[in-house]
Amino acid sequence: MEADPRVLVLGEDVGRGGIFGQYKGLQQQFGPARVIDTPISEAAIMGAGVGMALAGLRPVVEMRVVDFALCGMDEIVNQAAKNRFMFGGQGRVPLVARMPGGIWDASAAQHSQSLEAWFAHLPGVVVVCPSTPQDNYSLLRAALACGDPVVYIEHKGLWNVQGDVDPTLAVPLGQAALRRRGDDLTLVSWSRQAGICEQAADALAAQGIAVDCIDLRSIWPWDREAVLASCARTRRLLVVHEAVQAAGFGAEIAATAAEATGCRVARLGAPRIPVGYAPVLEAQSRVTAAQIVARATALLQNTTH
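All values reported here derive from a predicted model rather than from experimental measurement.

Chemist: Can you walk me through the pattern of salt bridges in this structure?
Modeler: Where charged atoms from two side chains of opposite charge approach closely, those side chains can pair. Taken as a whole and judged by the stated rule, the model has 19 salt bridges. A salt bridge links Asp13 to Arg64; its shortest N-O distance comes to 3.1 Å. In this pair, Asp13 sits in the loop between strand S1 (7-11) and helix H1 (26-30) while Arg64 sits in the loop between strand S3 (58-62) and helix H3 (66-69), placing the two residues 51 residues apart along the sequence. Judged by its relative accessible area of 30%, Asp13 falls in the partly exposed class. Between Asp67 and Lys156 there is a salt bridge, with its nearest N and O atoms 2.7 Å apart. Here Lys156 lies in the loop between strand S6 (150-152) and strand S7 (177-180) and Asp67 lies in helix H3, a separation of 89 residues in the sequence. For the residue pair Asp67 and Lys156, the accessibility class agrees, reading buried in each case. Among the charged side chains, a network of salt bridges with common partners joins Glu12, Asp13, Arg16 and Arg64.

Quick look at the structure:
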């Protein structure tokens, strides 16, 4: 916001810092004309953001959580995503829609959804799912500079994670990060689940199994080159995500890898159930490091060369 006067924020309670404190102090610094508190209407918020973007601004549209963004889907799907195409590039919608996603502890089914596959299926938008403080900083800057609508999904469970951030480090959209290096298995994930996969990779390493642990960071575009190169080498792919496994984005990655490399593929995601409120029910929707280790081990045991 200091570097670009076109960047502004609009959404519910952003003047008070936002639901996770991500805008703390910004209204005091930049004023209510650039950090705009809005009524409780996601359709109005997103519609205003689209209009601002078409008029030359670069709005950050705060949806509080991805579950609430469903009330503004028409503006996202039929306006933001399609404007550049339908008007031959005469209009651009360079907005960033922040939609924290994933399981939110003890927040039940209406506040714990992972819906990135919905937006990956939508032509005209970029979809970003960072997993580390550095990536969140660098990818948010890249999203603001993108020039097209970006659905920016930060995991609700990562807001308390802290880490060193290099403000000069640029991370391009669509480039994956290799978190672990190995030749036995390719393990692909994103968002909070990428960190769980790193834990699983460490546990597998203790068993003598070395894996390529790839954090996609961007769901669309996704880094096909990095994933396919790894799969061609390891000949085995396990895709893991917190979202429901049925019709999840892992299926796209698995199918692409199988078609391109002929590698053996497997997926691991949540069961197709609403996330429960009670801890014992909520746990049924979580994909754990132990589950990843078990699925990876089974994949390796069932593979022949």
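Having seen it, we continue.
Chemist: Explain the sheet that holds strand S10 (residues 218-220) here, please?
Modeler: Strand pairing in a sheet relies on backbone hydrogen bonds, with the paired strands running either antiparallel or parallel. Here seven strands make up an open sheet; going across it, the order is S2-S1-S3-S4-S6-S5-S10 and the pairing mixed. Across the chains shown, the open sheet's two edge strands, defined by having one partner strand only, are strand S2 (35-37) and S10. Taking the axes of each pair of neighbouring strands and ignoring which way they run, one obtains an average angle of 20 degrees across the sheet.

Chemist: Help me understand the packing of helix H8 (residues 191-206) against helix H12 (residues 289-301), please; the structure alone is not making it clear to me.
Modeler: Helix-helix packing: each pair is described by the crossing angle between the helix axes and the interaxial distance. Taken N-terminus to C-terminus, the directions of H8 and H12 make an angle of 60 degrees; their axes are 8 Å apart at the nearest point. Judged on the interaxial angle alone, H12 and H8 are oblique. You can see that H8 and H12 cross each other, and the crossing is right-handed. Side by side, H8 and H12 meet where Gln193, Ile196, Cys197, Gln199, Ala200, Ala203 and Leu204 of the first sit next to Ala289, Ile292, Val293, Ala296 and Thr297 of the second. Counted by class, the contact of H8 with H12 contains nine nonpolar, three polar and no charged residues.

Chemist: Looking at this structure, I do not really get the nonpolar core. What am I missing?
Modeler: In globular proteins that are soluble, nonpolar side chains generally tend to be buried together. Counting 43 residues, the largest nonpolar core has Met99, Phe119, Leu216 and Ile253 as the members making the most contacts within it. The set of elements that each furnish at least two residues to this core consists of S1, helix H2 (42-54), H3, helix H4 (73-80), helix H6 (116-120), helix H9 (224-234), strand S11 (236-244) and helix H10 (249-261). Counting residues per element, this core draws most heavily on H2, at four residues. Sequence-distant contacts of Met99, defined by excluding residues within four places in its chain, comprise Met46, Met63, Val65, Val66, Ala69, Ile76, Phe119, Val151, Tyr152, Ile153 and Glu154. Listed in part, the 21 residues of the second largest apolar core include Leu204, Cys213, Val293 and Ala296.

Reading the values: the criteria
- Residues numbered from 1 in each chain as written.
- Predicted model: local features only at pLDDT ≥ 70, side-chain atom pairs only at ≥ 80, totals over all residues.
- Heavy atoms only, no water.
- Salt bridge = Lys/Arg side-chain N within 4 Å of Asp/Glu carboxyl O.
- Helix = DSSP H or I, 4+ residues; strand = E, 2+ residues; numbered from the N terminus.
- Buried < 20%, exposed > 50% of the residue type's maximum accessible area, 1.4 Å probe, protein only.
- Pairing = 2+ DSSP bridges.
- Axes fitted to C-alpha atoms, helices over the stretch in contact; angles between N-to-C directions.
- Parallel < 35°, antiparallel > 145°, perpendicular 65-115°, else oblique.
- Left-handed = near helix turned anticlockwise from the far one by under 90°.
- Contact = heavy atoms within 4.5 Å.
- Nonpolar A, V, L, I, M, F, W, Y, C, P; charged D, E, K, R; others polar.
- Core = buried A, V, L, I, M, F, W, Y, C linked by side-chain atoms within 4.5 Å.

Keep in mind these values describe shape, not function.
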